[in-house]
Amino acid sequence: MERIKPSNLILKLDKELAAHEFVFLTEKTINEEFEYNASQQLYLTKNSWQNIVDSKNAIIDLLHKTYESLNNNPNLNEYKTVFIMNYMNDNDYIGETIEDLRREILIIA
């Protein structure tokens, strides 16, 4: 979950990319990270895993909605700024998911 926080995503990849390339490569990175960690669902409750899936999908959706809201032609710095602002103006669903996972671990331990 930490790896797909928008504040971490904007630091990845080449700064010379076009915004549409950043969106494509970031979505690819998120999906690869998710697939790599998919086996972890065996150790979580169904609800916790669903929260992770929902958070992943929400970030990908936010990547695309942000791009579309900028008329599909923003420079990368403008895109990243609006992307972070959009996330900050919404619920911190990634932070909430991380907290839910921490509580679940405490109950199990």
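The structure under discussion appears in the preceding block.
Anyway, here's the lowdown on the structure attached to this text. (Residues numbered from 1 in each chain as written. Predicted model: local features only at pLDDT ≥ 70, side-chain atom pairs only at ≥ 80, totals over all residues. Heavy atoms only, no water.)

**Quick word on the overall build of the protein chain**
What counts here: Secondary structure is summarised from DSSP: a helix means a run of H or I of at least four residues, a strand means a run of E of at least two, and numbering begins at the N terminus for each. Only protein chains enter the accessibility calculation, which uses a 1.4 Å probe; a residue is then buried when its area is under 20% of its type maximum, exposed when over 50%, and partly exposed in between. The criterion used for residue contact is that any of the two residues' heavy atoms lie within 4.5 Å. When charges are tallied, Lys and Arg are placed among the positive residues and Asp and Glu among the negative ones, while His and the ends of the chain are skipped. Where a charge lies is defined by one atom per residue type, namely NZ (Lys), CZ (Arg), CG (Asp) and CD (Glu).
Broken down by element type, the protein chain carries five helices and zero strands. Each of the 109 residues in the protein chain was classed as buried or not, and the buried ones make up 34%. Summarising the internal contacts of the protein chain: among those between residues at least 6 apart in sequence, 66% fall at separations of at least 24. Each charge class in the protein chain can be summarised by its mean position, and for the 11 positive and 18 negative side chains these summaries are 4 Å apart.

**Examining the packing of aromatic side chains**
Cut-off, in case you're wondering: Centres within 6.5 Å are what make two rings of Phe, Tyr or Trp a pair, Trp counting through its six-membered ring; a difference in plane orientation under 30 degrees is then read as stacked, over 60 as edge-to-face, and the rest as tilted.
For the structure on display, the rule yields five aromatic pairs. Centre to centre, the rings of Phe22 and Tyr79 are 5.9 Å apart; their planes meet at 65 degrees, and the pair counts as edge-to-face. Of the two residues, Phe22 is situated in helix α2 (residues 19-36) and Tyr79 in helix α4 (residues 76-88); the sequence distance between them amounts to 57 residues. Given the relative accessible area of 0%, Phe22 is considered buried.

**As for the pattern of salt bridges**
Basically, it comes down to this: Between Lys or Arg on one side and Asp or Glu on the other, a salt bridge is scored when a side-chain nitrogen of the former is within 4 Å of a carboxyl oxygen of the latter.
Here the structure, examined in full by the defined rule, presents six salt bridges. The shortest N-O distance in the salt bridge between Glu33 and Arg3 comes to 2.9 Å. On the criterion of sequence distance, the pair formed by Glu33 in helix α2 and Arg3 in the segment before α1 (6-9) is long-range, its members being 30 residues apart. Between Glu99 and Arg102 there is a salt bridge, with its nearest N and O atoms 2.7 Å apart. You can see Glu99 and its partner Arg102 sitting in helix α5 (residues 93-108), three residues apart, about one turn around the helix. Relative accessible area serves as the criterion here: at 35%, Glu99 is assigned to the partly exposed category. Owing to a relative accessible area of 46%, Arg102 belongs among the partly exposed residues under this scheme.

**Section: helix α3 (residues 46-69)**
What counts here: Each helix should span, by expectation, one fewer than its residue count multiplied by 1.5 Å.
Taking 1.5 Å of rise per residue, 24 residues should cover 34 Å, and α3 covers 34 Å from first to last C-alpha, within 8% of that figure. Just past α3, the residue Asn71 takes up positive phi, approximately 60 degrees.

In short, shape yes, function no, at least from these values alone.
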